[in-house]
Each structure stands twice: as structure tokens, then as C-alpha cells.
Protein chains: 4
Amino acid sequence: VGFPTVDINVDMGESYGRWRLGDDANVMPWITSANIACGFHAGDPGNMRASARLAIEHGVAIGAHVGLPDLLGFGRRRIDVTTDEVRDYAAYQIGALQAIVASEGGRLAHVKPHGALYALCSASREHAGAIAAAIAGIDASLPLLLLSRRPAPAVEAHGVQLAAEAFPDLEYDPGGGLVIEPVKQAWDPDRVARRAVRVVLDRRIDTSDGDDIEVDAPTLCLHGDAPNAVETARTVRQALENAGVTVTALRMSRT
Amino acid sequence: VGFPTVDINVDMGESYGRWRLGDDANVMPWITSANIACGFHAGDPGNMRASARLAIEHGVAIGAHVGLPDLLGFGRRRIDVTTDEVRDYAAYQIGALQAIVASEGGRLAHVKPHGALYALCSASREHAGAIAAAIAGIDASLPLLLLSRRPAPAVEAHGVQLAAEAFPDLEYDPGGGLVIEPVKQAWDPDRVARRAVRVVLDRRIDTSDGDDIEVDAPTLCLHGDAPNAVETARTVRQALENAGVTVTALRMSRT
Amino acid sequence: VGFPTVDINVDMGESYGRWRLGDDANVMPWITSANIACGFHAGDPGNMRASARLAIEHGVAIGAHVGLPDLLGFGRRRIDVTTDEVRDYAAYQIGALQAIVASEGGRLAHVKPHGALYALCSASREHAGAIAAAIAGIDASLPLLLLSRRPAPAVEAHGVQLAAEAFPDLEYDPGGGLVIEPVKQAWDPDRVARRAVRVVLDRRIDTSDGDDIEVDAPTLCLHGDAPNAVETARTVRQALENAGVTVTALRMSRT
Amino acid sequence: VGFPTVDINVDMGESYGRWRLGDDANVMPWITSANIACGFHAGDPGNMRASARLAIEHGVAIGAHVGLPDLLGFGRRRIDVTTDEVRDYAAYQIGALQAIVASEGGRLAHVKPHGALYALCSASREHAGAIAAAIAGIDASLPLLLLSRRPAPAVEAHGVQLAAEAFPDLEYDPGGGLVIEPVKQAWDPDRVARRAVRVVLDRRIDTSDGDDIEVDAPTLCLHGDAPNAVETARTVRQALENAGVTVTALRMSRT
């Protein structure tokens, strides 16, 4: 069987120009993967470079956090985009971050859609396939992070691996969907930590109706824009290690 | 000495969303390099892919046409950007296009700044060096196209080669500067062709005061947004070939 | 009873920066109302002023053509916006155009949502009410143009009048919905003119299944971005006048 | 003669979408004029409404804080804009805010350019005149706030009054220019208060070379994005009142 391992990923680089969001520098020490915004919903070239540099300094793996072109809505509003648009928006953003990361001496490790694009690709195999097509055109070894393995066939058809995530700091509805908070609220760090450990060791997470469901997730997502993001990340990291879990960046086993 | 050769480069992919600009499909047959807009002053992910595909079909070399973030001003208004901003904007745009071109089976061949960024980098060694730094971080083999070799030391310090351009369809002032037309006007194609041939064979171009100056340019730029762009490109190409010039994509000799 | 009258409205001012769209100057002579884009889906302050000036010169009534914030999608992609967002986006755009029109010596005459916002407000009473609330906060005498009178109660609750439109250059589905063309195609001007006359005299329009439906529309919308927009506008105008219809800007009778 | 009075104005509404900037709610009680960002450099329709509502609740006068179209640079980078562009950008933004303020039951009281546009209009009579032309086309009774009275002739030629400002929380160079801080730093509130009182009572402010210069300013600008903005505003307000100064919104005497 082997020792239990898990990745902790957090959205980073969500500042834009004069506006700051998230405490990237203080979250970095506790995580293993950073999803860096690529300019469509947040982030800009200068902030992308600063975030990439910070991740490389901390030995944190870097993912392209690709979003819909909606700065005003922070990429959280559904836009009726075609699959061609999803593919092209993703390719553009992945390429932009890849160049910046490469020029800082690093390399991309994964791709994760943001906000409404995440929901769209987790729900629609066609749109998940469109992002996978973009990845395959650039570097098929980059896994795609989504809410569940349901769109896996559409992703794997492009030779791209899908890594499902669990969200210990969000409520799940009984069907396994996430209850999104328009502005992320502070959660009790100990509760988040208990849910994180349970995801890794028991492969289960509680739902809003008091029941629980199975989750099979090699990576845990925490919210970097929560008011207590640093404390939560630290608490989760320590609880996982205390439970004997090795926290390490995502490494997909090739099938 | 060898046979005379020259590259013809044209700005392409300057449509944006619903708006069309330039007749890319009909200009492509006559040119050897296409500078594709990367989304900051014109272009969008879908148009970038369409332009890349078209260039690849025609065997035309592809350059990243990087601009200032000013869609409303079409990148033609000077913005006081720092050298860090120039480097980061360039890296972002080069990477975005590179990924799209790669996913279409092609590869980038050069980088050329657009409009006000072109003027800035041709006039300021610091800003030329900043773009060269971006190129060096991605692929130092991509030459940088600018108005003259004056900023060459700042560019070559990053291991990047500078290729100077000549503009047979623009007026030169006596100091060798270009007289920019806010909206490109139609020029007599035969006059443009005569100037093009003279640049290649005599290394000289006439100036607005009736005199002429030396130009040493391995590539000729024609304007794709001129009303008679297709006719001009065809006329120039044929005149060059009739004069015994081999028209072929830019190939820099490593020193 | 009285003599039949109708308004002809066309979307105008859809250029943006360097990009041109529509032949406003040559369409103006044939129409009575111009819907001027306000910068969210098309248009910019300079183009808005130029369009306002042109409309005033031709004695054409001016409407605020308010859109979703999506230049890249030309406002034609549905975005999940809240009613507060619709109200605020509409107020912002109406105010911006109102100031420009006033400074040219004119005044606004109506408000019409564009593209996906038009579809949203024609289908959702809550969103139609949100635009009406914006109008009421600025000038309740400006009528709101929508596809049908179905949302009238939500609009009139704010003291704003709703004017339904007919579209003689678009296909109707049997339910009275429009079949949108992503890029407007040329239609036979005579067919458009026959449909226009029938809307005014018979209050009926044909549908895609060969049947026809009732329409009660004091204004006819023609597409300014059709390739043959000028010829169509002229043909429709002349056919209406030949049929004894007075073509004049919308004047709502206060109930 | 008469009792000394002064206005305190602060930039407000500089949030954008998901991003927060400034503590508007806690600064409002101490000031008499709020310059609300209008969407070009900061602000969006929803935030503009929220800021307008807050100002009206506190009885604070509202100004249109018009900027260059540069969200990424927060309007602080000089862009080479023509006078027509300045006039049209200003008219658009003033109109947008005016409509929102009117729909909240308030009315505009002044206009103030932001950042690089402020510097441009304070230095160039042509550009100051262009903003004044925009104001005159909307409501000539709105005074225009600038750094000094130097461009007054160009402004007053349009029938618009110019109100000069003093900046007690910024360094002045010996020529009377401001030393801009790219990101506003915290200043000692007592020092700011002493300078504010001196501006009102002595009409002088100290400069970076240890000397001081004359200022004739009916309004004092404080920075709302300083880390200690609330404490500074409170300290200045109380020091002015303790010195017998009446703090009240700007009222220009018609000449």
C-alpha cells in the first residue's frame, strides 16, 4: 500500500496592479502547490513573476490557474463560452505563465481552471476536454485539476491526466457539489484540518446534510483569500504531518 | 559575397473579437514573416490561433508582435512603462503566442514590438534591453526586430540578436526616424517596390528632405492595414524577385 | 385609428478604437432612431461623440445601447449577472452617453439593451425591472426597447414605458424568439421590406416553421452590421413610405 | 477677512470588483468632499453606487474623479492622450457618475482628475481646457480641482471655475511640484495636521529643501489609500477645528 501522501494547493497571485489580495508570502511555507492567476480573472505579468519567484524560493510546485476573461467579476460569473474559446483562453494563459516561470528558472507542474471555468469544466466533459486539448498542445505531462474524476474520459482522450481535488474549507452539498462562498469566509482551522486528515486517511468528507461522501483526491485545495488563510494552512499542514501523512507536491503515476 | 536575400515581414492577427482588421489570408502568399498581435494592443486567443494556422499553412515564419496594454489606443500611444513592466509584458505575450503556435505544430521565429513600444525600444537602450531580457528567459535564439542597430549592445548583452528593419512604405525623416501615419494610407505600390529593391541592393532609402540615408536591414516591413496591402505586398515581392533578390524568412548568422 | 406610423432603429457607434464596424454615415439618412453603443460591448468615448454628432445632424433620435462588460465577446455571450449589476451597468452607460449627447446639444430618447443583455431582459422580468430601475433613477420618460411586452409589468412598476420591437431582418422561431446570427448575414432587402410593411399594417411576421405570429411593435430594428445594411435600410424606408406609413422617431403615448 | 474655512477632499471608491482599497466608511466622518473613481483607473458601477450612497449618508459632497483608461497602472502612468481624448474620457466618466449619484438622490459637486491625468492637466493648459470643455458641456457650475491656479485662464475660458488644492500629506519640491509616492506611505498625522492648519491660516507650505512656498487653496487633499488614512483624516479635522477653522464643502464664489 505505501505511506499516505497528499498535496496542498492554494490559489496565489490574485493581486492585480495596485490591488492586493491574499498573503502569498506567509501561506507559501505551508503548502506544496501554488495555482498562479494568469491575467484573465486576476494577476498581471508583474504579479505573475513575483508569485513564480516566491513559489520557486519555497520549493512549491506551480500551476497555471486559468480563468474566464472577467476581471470585474473575478472570473466567478458563468460566461457562455464555446469549447474553442475555452481551449484558446487556456492555451494563451498557460503559455504566458510558462514563459514567465521558465525565465525564473522553474517549470509548470499542473493546470487548474478558476471559478466559473472550474465549475464549467467540472460539469461539462466537452469543456474539460477543451482544456485538456490546450494542455496536450503545450505539454501533455501537466495534470489537470478538477472537482471530480467524472470528466476523466474526455481529459484522458487527449493524453492528459486528471487529478481530483478535495476542499476541506468548503461545504459540500449531498450530491458532491461545492457550496461556493462569494467572498471566502474564515472557517475554524481545526475543523478544516480534521476534514483534511479524513480525506487522506478515510477518503470521505462530510456534506451539508450531515451525511458524508467518498472523495478520492490526491490534492487538497485551501483558499488563500480567506481572512485566516495563513493560520488555516499552517494548522492543516501540521495536522496532516501529525497524522503521519507526507505532504508533497502532486506526482501523478502514469498508467 | 553571395546572392542578395531579404525577408518581408507584415503585422498580422490585428483583429479583435467581432472586429476585423487587415486581409491576412490574401497578404500571406507574398510574405515570409508574420508578426502576430498577442492580445495587448490587438489580437485575442482565437485570432492568434487562426493567424498562426494561416502562417503555418503558407510556410510563413511567425513572430510575436508584443504591445503595450492599450486596446483603446491600438498600442500606438506612449505609456510611461518601466523596464520591469516592458520585460514582464513581453514575456507574457511571447509565452502566450508560443504556446498557441506550438499547439498548431509550429514554432516562433522572432519578436517584434508594436507601435509605441517599438518606438520606445528603438529609442531607449534600457527598454530594448528589457525586451531582450524577456526573450533570453524564454529562447535566446529568437532575434528582436527594431528600427536600427543603435540599441544592439543592450540587446546583445542578453545573448539576443538584433535585426534592423527598413520600411519602404513609410516616409523617413532626415535623421532616420519614421513618419508614422495614425491610420495607414495607401501608397503607390511601384514606389514602395522601388524603395524595397534599393534597400536590398544599395542599402539606401530616400528621406523626406529629398536626400537619402544608409540602411542595413535584413528584413523589410510592409503595413498589413494599408487599404491596398495585398497589391503592395505582391508588387514588392515580384519586384524583388525580378531584381534577383531571394525573398526568404529571416535567418540570423550567429557571430 | 389614424395614419400608420413606425420608427426604424439601428445599432450604431459599434466601432472601437482603431476598429471600424458599420457604415453609420450612410445608414443615418434612412432611419429615425440610433442605438449608440456605450463602451461595454463596443463604442468608446470618442466614437460615442462622433455617433451622437452624426445622429443630431440627421435629426435621428438617440438611444443608449447598453451592454454587458465583454468587449471580446461583443456583448453577445450570456454572463450570469445579478439584477444589481444590470441596474448599475445600465445606469453607468446611460449616464455616460447622456453627458456626451448633452454636450453636443442633443438629448437621449430611449434605452435599449444589446445582445445577451437584450435576451436576458426580454426573458427575465427581474432583469428587465433592473434596467427600468436604472432608467427611473435618471429619466423615467425614456422608454425601454425589448423584444416583447411580456416584461411590461416589471418595467412599468418603475414608471418606465416598454416599447416592443420587431426584427424584419431576423428569423423568428415559432415561439416568437429570435434566431440570432453570430455574424449578421446579408438578407434580401426586398424580403426585409415586405416583412417590415406587414408588421406595421398587419401586425404579423412570418416564423421559421412557415407559420406567422402577431407582433405589436411601434419600432422596427434593422442590423447596421449586415454587409448590405445601407441598401436594406433604404429599401425598407422607401417601401414603408410607398405603403403610406409615416416613418418617425418613437413617441410613446402616456397612458 | 471673515472666518477661515476649508474643504477636506479624499479619493474614494477606489475598489474594483473583488479588490478592496481604502477604508471609505471610516474616513467619511472626517471629510467634506469625496472624489469617487469612475471606472477608468479604479471603481466600477457597483462600487460607484456604494460610494455615492455612503457620501450622501454622511453629507459629504461628491466629485467625479476621472482618470486615464489604465486599470493595470491605476491611472498613474502618463499616456500620450490628445485633448479630444481627455475631453471625451472626462465627459464619459462625469456622466456615468452623475447618473448614479442622481439615482441615489444626490448631485455632483466638483470634478477632479486622478493621477497622471491630474499631473497632465495641472501642467498643460490645453489638457486642463479639455477637461473644462467636458464640464461645460455637462454642468459648468462644477468646479475643477487642480494643483495650482496656473491653468486658470484655459479653464475659465469655458466658464468653469478652478479650485487649487494643497496636499498636506505629500512632499513639495521647491518649484511647487508634488513628490508622488508610488504606493502612499503613512505620514505622522500630527505633521500633516500642522501643515494643513498652516495652509489655511498662513497660506504657506514647507518644501523638500527646507524652505516654503505660498499656496492659495480652498481645499485640502488627503490620501485615502495611506495605511493610516482614518487616523490622519481625524487628526487633521480636529486640528483645523481647534484652530478655529470651519471645515465645510467647497463653495466657489462666482466672480
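All of these numbers come straight from a predicted model, not from anything done at the bench. Every chain's residues receive numbers from 1 upward, in the order its sequence appears when written. As they are written, the chains are lettered A onward and the ligands numbered 1 onward, keeping that order. Local features in a predicted model are, by the rule used here, given only for residues with pLDDT of at least 70; side-chain atom pairs are given and counted only at 80 or more, and totals for whole chains, interfaces and linings are based on all residues. The basis for every side-chain value is the complete set of non-hydrogen atoms in the structure, without hydrogens or water.

Within chain A, the secondary structure is distributed over eight helices and 12 strands. For the radius of gyration, the atoms used are the C-alpha atoms, and the globule rule reads 2.2 Å times the number of residues raised to 0.38. What you see for chain A is a C-alpha radius of gyration of 17 Å, in line with the 18 Å of a compact globule of 255 residues. Every one of the 255 residues in chain A was classed for burial, and the buried ones make up 61%. Contact criterion: two residues are considered in contact whenever any of their non-hydrogen atoms come within 4.5 Å of each other. Within chain A, contacts between residues separated by at least 24 positions form 72% of all contacts whose residues are at least 6 apart in sequence. Each accessible area value is a Shrake-Rupley result obtained with a 1.4 Å probe; residue values ignore everything except the protein chains displayed when judging cover. Carbon and sulfur atoms provide 49% of the accessible area of chain A, an area that totals close to 9,400 Å². Secondary structure elements follow DSSP: runs of H or I of four or more residues count as helices, runs of E of two or more count as strands, with numbering from the N terminus. A simple rule labels every residue: compare its accessible area, found with a 1.4 Å probe on the protein chains alone, to the largest value its type can have, and call it buried under 20%, exposed over 50%, or partly exposed in between.

Across the boundary between the two partners, chain D contributes 20 residues, which contact 21 residues of chain C. The term buried area means the drop in 1.4 Å probe accessible area that two parts suffer when joined, counted for both and summed. For the pairing of chain D and chain C, the buried interface totals around 1,600 Å² over both sides, and the portion due to carbon and sulfur atoms is 65%. Any Lys or Arg side-chain nitrogen located within 4 Å of an Asp or Glu carboxyl oxygen qualifies as a salt bridge. Between chain D and chain C we count two salt bridges in total. A salt bridge links Arg49(D) to Asp88(C), with the nearest nitrogen and oxygen atoms 2.5 Å apart. We call two N or O atoms a polar contact when they sit within 3.5 Å, provided that within protein one can donate a hydrogen and the other can accept it, with sequence-adjacent residues counted only if both atoms are side-chain atoms. Applying the counting criterion to the chain D and chain C interface returns four residue pairs in polar contact (both at pLDDT 80 or more). Counting only elements with at least two residues in the side of chain D that touches chain C, the list comes to helix H2 (45–57), helix H3 (83–103) and helix H5 (125–138) of chain D. Per-element accounting of the side of chain D that touches chain C gives the leading share, 11 residues, to H3(D). By the convention adopted, Pro, Cys, Tyr, Trp, Phe, Met, Ile, Leu, Val and Ala count as nonpolar, Lys, Arg, Asp and Glu as charged, and the other residues, Gly among them, as polar. Considered class by class, the residues forming the side of chain D that touches chain C number 12 nonpolar, five polar and three charged.

What follows deals with the packing of aromatic side chains. For this analysis, a ring pair means two rings from Phe, Tyr or Trp (six-membered ring only for Trp) whose centres lie within 6.5 Å, classed as stacked if their planes differ by under 30 degrees, edge-to-face if by over 60, and tilted for the remaining angles. Scanning all chains against the criterion turns up 28 aromatic pairs over all chains. Aromatic pair Tyr16(A) and Trp19(A): ring centres 6.5 Å apart, planes at 15°, arrangement stacked. Judged by its relative accessible area of 9%, Tyr16(A) is buried. Of the aromatic side chains, those joined through ring pairs into one cluster are Tyr16(A), Trp19(A), Phe74(A), Tyr16(D), Trp19(D) and Phe74(D). Over the ring of Tyr118(A) we find Lys112(A); its NZ or CZ atom is 5.7 Å from the centre of that ring. In our convention, an over-ring charge means Lys NZ or Arg CZ found within 6 Å of a ring centre and within 35 degrees of that ring's normal.

Residue and element names in this part refer to chain C. Considering the arrangement of structural elements, one finds Leu170 in the loop between strand S6 (162–166) and strand S7 (171–172). What makes Leu170 buried here is its relative accessible area of 2%. For the pair Leu170 and Lys184, spaced 14 residues apart in the sequence, the C-alpha separation amounts to 9.1 Å. If near-sequence neighbours (up to four positions away) are discounted, Leu170 is found in contact with Leu178, Val179, Ile180, Glu181, Lys184, Trp187, Arg195 and His223.

On to the interface of chain B and chain A, then. Taken together, the contact between chain B and chain A spans 21 residues of the former and 21 residues of the latter. Together, the buried faces of chain B and chain A total about 1,600 Å²; carbon and sulfur atoms form 65% of this surface. Contact with chain A buries area across many residues of chain B, yet Pro45(B), Arg49(B) and Tyr92(B) alone supply 37% of it, more than any other trio. Our count for the contact surface shared by chain B and chain A stands at two salt bridges. Across the contact surface, chain B and chain A share four residue pairs in polar contact (both at pLDDT 80 or more). For the side of chain B that touches chain A, the elements supplying multiple residues, two or more each, are helix H2 (45–57), helix H3 (83–103) and helix H5 (125–138) of chain B. Grouping the amino acids of the side of chain B that touches chain A by side-chain chemistry returns 12 nonpolar, five polar and four charged.

A side chain of one charge can pair with a side chain of the opposite charge if their charged atoms are brought near each other. Evaluation of the coordinates by the stated rule reveals 92 salt bridges over all chains. The salt bridge involving Glu104(B) is made with Arg49(B); its shortest N-O contact spans 2.7 Å. Placement of the pair is Glu104(B) in the loop between H3 and strand S4 (108–113) and Arg49(B) in helix H2, with a sequence separation of 55 residues. The class of Glu104(B) is partly exposed, set by a relative accessible area of 21%. Three or more residues joined by partner-sharing salt bridges are found here, namely Arg49(A), Arg53(A), Glu104(A), Asp84(B), Arg87(B) and Asp88(B).

The periodicity of an α-helix, 3.6 residues per turn, causes residues three or four positions apart to be oriented the same way. Residue and element names in this part refer to chain D. Expected helix span is taken as 1.5 Å per residue step, with the number of steps being one fewer than the number of residues. With 14 residues, helix H8 (residues 229–242) should reach 20 Å at 1.5 Å per residue; the first-to-last C-alpha distance of 20 Å fits that figure. Taken together, the buried positions of H8 are Ala229, Thr232, Ala233, Thr235, Val236, Arg237 and Leu240. Looking at the residues trailing H8, positive phi occurs at Gly244, about 85°.

It is worth spelling out the pairing of strand S11 (residues 219–222) of chain B at this point. All names here are of chain B. A two-sided burial pattern is seen for S11, the buried positions comprising Thr219 and Cys221 on one face and Leu220 and Leu222 on the other. Here, a strand pair is defined by DSSP locating no fewer than two bridges between the strands. Where strand S6 (residues 162–166) meets S11, two bridges bridge the pair, whose relative direction is parallel. Its bridge partner lying in S11, Ala166 is registered against Leu220.

The next subject is the relation of the copies chain D and chain C. Residues reaching a pLDDT of at least 70 in both copies supply the C-alpha atoms on which the copies are superposed by least squares. Expressed as a screw transformation, the operator carrying chain D onto chain C has a rotation angle of 180° and an axial translation of 0.0 Å, and the superposed copies differ by an RMSD of 0.0 Å. Both chain copies can therefore be described as sitting about a two-fold axis. Residue by residue, 100% of the interface of chain D is reproduced at the interface of chain C, so both copies engage with the same surface.

Superposing chain B onto chain A takes a rotation of 180° plus a shift of 0.0 Å along the axis, which leaves an RMSD of 0.0 Å. When the interface residues of chain B are mapped onto chain A, 100% of them are again interface residues, pointing to one common binding face.

Turning our eyes to something else, we now look at the side chain of Asp11(B). Residue and element names in this part refer to chain B. Mapping Asp11 onto the fold places it in strand S1 (residues 5–12). In this structure the side chain of Asp11 is engaged in a polar contact, spanning 2.9 Å, whose partner is the side chain of Asn35. Once you skip the residues sitting within four places of it in the chain, Asp11 turns out to touch Asn35, His65, Lys112, His114, Leu222 and Gly224.

Another aspect to go through is unusual backbone geometry. Located in the positive-phi region is Arg203(A), a residue other than glycine, with phi close to 60°. You can see Arg203(A) is positioned in the loop between helix H7 (189–202) and strand S9 (204–206). With a phi close to 55°, Phe74(B) is a non-glycine residue in the positive phi region. Owing to a relative accessible area of 2%, Phe74(B) belongs among the buried residues under this scheme.

To continue, consider the nonpolar core. As used here, the term nonpolar core means buried Ala, Val, Leu, Ile, Met, Phe, Trp, Tyr and Cys residues forming a set that is joined through side-chain atoms within 4.5 Å. Of all hydrophobic cores here, the largest spans 354 residues; its most connected members are Leu240(A), Leu240(B), Leu240(C) and Leu240(D). When sequence neighbours within four positions are dropped, the list of residues in contact with Leu240(D) reads Val6(D), Ile8(D), Ala196(D), Val197(D), Val200(D), Leu220(D), Val245(D) and Val247(D).

Glancing now at the environment of Gly159(A). Its place among the elements puts Gly159(A) in the loop between helix H6 (152–156) and strand S6 (162–166). Spatially, the C-alpha atoms of Gly159(A) and Thr207(A) are 33 Å apart, while their sequence positions differ by 48 residues.

Turning next to the pairing of strand S1 (residues 5–12) of chain A. Within a regular beta strand, the side chains point alternately toward one face of the sheet and then the other, so they alternate between its two faces. All names here are of chain A. Burial analysis of S1 places seven of its eight residues in the buried class, the great majority of the element. Here two bridges tie S1 to strand S12 (residues 246–247), and the two strands are oriented parallel to one another. Note that in S12 the partner of Thr5 across the bridge is Thr246. Pairing between S1 and strand S2 (residues 33–37): four bridges, direction parallel. Within S2, the position partnered with Met12 by the bridge is Ile36.

To continue, consider the packing of H3(D) against H5(D). Residues and elements named next belong to chain D. Where helices are involved, their axes are fitted lines through C-alpha atoms of the stretch in contact, as for all axes, and angles between N-to-C directions lie from 0 to 180°. At a minimum axis distance of 8 Å, the contact between H3 and H5 shows a crossing angle of 40°. As judged from the angle between their axes, H3 and H5 are oblique. The two elements H3 and H5 cross, and the hand of that crossing is right-handed. From H3, Thr83, Val86, Arg87, Ala90, Ala91, Ile94, Gly95 and Gln98 reach across to H5, where they touch Glu126, His127, Ala130, Ile131, Ala133, Ala134, Ile135 and Ile138. Taken together, the residues of the contact of H3 with H5 break down into 10 nonpolar, four polar and two charged. Roughly parallel here means an angle under 35 degrees, roughly antiparallel means over 145, roughly perpendicular means 65 to 115, and every remaining angle is called oblique. A crossing counts as left-handed when the near helix is turned anticlockwise from the far one by less than a right angle, and as right-handed when that turn is clockwise.

As a further point, take the state of the cysteines. Pairs of cysteine sulfur atoms within 2.5 Å are what we label disulfides. Using the criterion set out here, one finds zero disulfides over all chains in the structure. Counting only cysteine sulfurs, Cys121(A) is the nearest neighbor of Cys38(A), a cysteine outside any disulfide, at a range of 14 Å. Cysteine Cys221(D) remains unbridged, with the sulfur of Cys38(D) as its closest cysteine sulfur at 15 Å.

All names here are of chain B. Position of Gly46 among the secondary structure elements: in helix H2. A relative accessible area of 30% means that Gly46 is categorised as partly exposed. Residues Gly46 and Gly17 lie 29 residues apart in sequence; the distance between their C-alpha atoms is 8.3 Å.

Once that is clear, we can look at the packing of helix H7 (residues 189–202) of chain D against H8(D). Residue and element names in this part refer to chain D. Here H7 crosses H8 at 40°, and the two axes come no closer than 8 Å. By the angle between their directions, the pair H7 and H8 is classed as oblique. Viewed along their axes, H7 and H8 form a crossing whose handedness is right-handed. Across the interface between the two elements, Pro189, Asp190, Val192, Ala193, Ala196, Val197 and Val200 of H7 pack against Glu231, Thr232, Thr235, Val236, Ala239 and Leu240 of H8. Among the residues making up the contact of H7 with H8, the classes are represented as nine nonpolar, two polar and two charged.

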